Amino acid sequence: MTIQNFNIYTAKGYAGDLVDSGPRVVQTGVLTSASAGFGKAMSRDAGTVDRGVKLADPVVAGATTTSNTDLFAISQREYNHEAGVRPSTGNDTTYLVTESVSLIRDGYLYVLLSGATAVVAGDNLNVDIATGLFNNETVSATNPIANNVVADEAGLAGEVIKVRILLK
């Protein structure tokens, strides 16, 4: 009998995917900055757009080279966005400026790690404010620690891991 190997859609999840159906706090924002992907650090935009959000930045986050910050939310994947390729690679669509963005403020979500330093379960993650990606690199004004984002599993750069964001 022939052995069949099924290797399509077998990843544990992609950046911005919900981990499970557990309790969470979600809301919708309107993207005011450049396009943003799924599983990215988001901050409030105090501009003129009601419920405006953008990729995390040091002015909004209040980060310095010695301080930590509380992250507002993480962008959540929406399956109503068309995949760029079939089968989907999980990272080929984004939110565009003025689109509504699903945000998770409290709960578990998958994120993509950047940087070169490994992450250990229980670590607070840093946020690269230029990209909105999470890492465990040296703390700086452009890479502050997010007090309310904790790795729930270990991981290396380029891997998707489970994190918890806590409402602050």
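Our structure's up above, just so we're on the same page.
Residues numbered from 1 in each chain as written. Predicted model: local features only at pLDDT ≥ 70, side-chain atom pairs only at ≥ 80, totals over all residues. Heavy atoms only, no water.

## Points about the overall build of the chain
Argument step 1. Helix and strand counts for the chain come out as 1 helix and 10 strands.
Argument step 2. The 168 residues of the chain split such that 40% are buried.
Argument step 3. Working note: accessible area of the chain is about 8800 Å², and carbon and sulfur atoms make up 54% of it. (Helix = DSSP H or I, 4+ residues; strand = E, 2+ residues; numbered from the N terminus. Buried < 20%, exposed > 50% of the residue type's maximum accessible area, 1.4 Å probe, protein only. Areas by Shrake-Rupley, 256 points an atom, 1.4 Å probe, with all protein chains shown as cover.)

## With respect to the pairing of strand E2 (residues 41-44)
Argument step 1. In the sheet, E2 pairs with strand E5 (residues 73-75) via 2 bridges, with the strands oriented antiparallel. Along E5, the bridge assignment pairs Ala41 with Ile74.
Argument step 2. One ladder, built from 3 bridges, connects E2 with strand E3 (residues 52-55); its direction is antiparallel. In the strand pairing of E3, Ser43 is matched with Lys54. (Pairing = 2+ DSSP bridges.)

## Considerations on the pairing of strand E7 (residues 124-127)
Argument step 1. The sheet contact formed by E7 and strand E9 (residues 145-151) spans 2 bridges and is antiparallel. Residue pairing across strands places Asn126 opposite Ile145, the latter belonging to E9.
Argument step 2. Two strands pair when backbone bridges link them, and E7 and strand E8 (residues 134-135) are joined in this way by 2 bridges, in the antiparallel orientation. Among the inter-strand pairings, Val127 is bridged to a residue of E8, identified as Phe134.

## Structural notes on the nonpolar core
In globular proteins that are soluble, nonpolar side chains generally tend to be buried together.
Argument step 1. Counting residues in each nonpolar core, the largest one holds 18 residues, and the members touching the most others are Leu71, Ile74, Leu125, Phe134 and Val149.
Argument step 2. Where this core is concerned, the elements lending two or more residues are strand E6 (100-112), E7, E9 and strand E10 (160-165).
Argument step 3. Apart from residues lying up to four places away in sequence, Leu71 is in contact with Ala41, Met42, Ala56, Val127, Phe134, Ala146, Asn148, Val149 and Ile165.
Argument step 4. Within the second largest apolar cluster, 11 residues are counted, among which are Leu31, Phe38, Met42 and Tyr95. (Core = buried A, V, L, I, M, F, W, Y, C linked by side-chain atoms within 4.5 Å. Contact = heavy atoms within 4.5 Å.)

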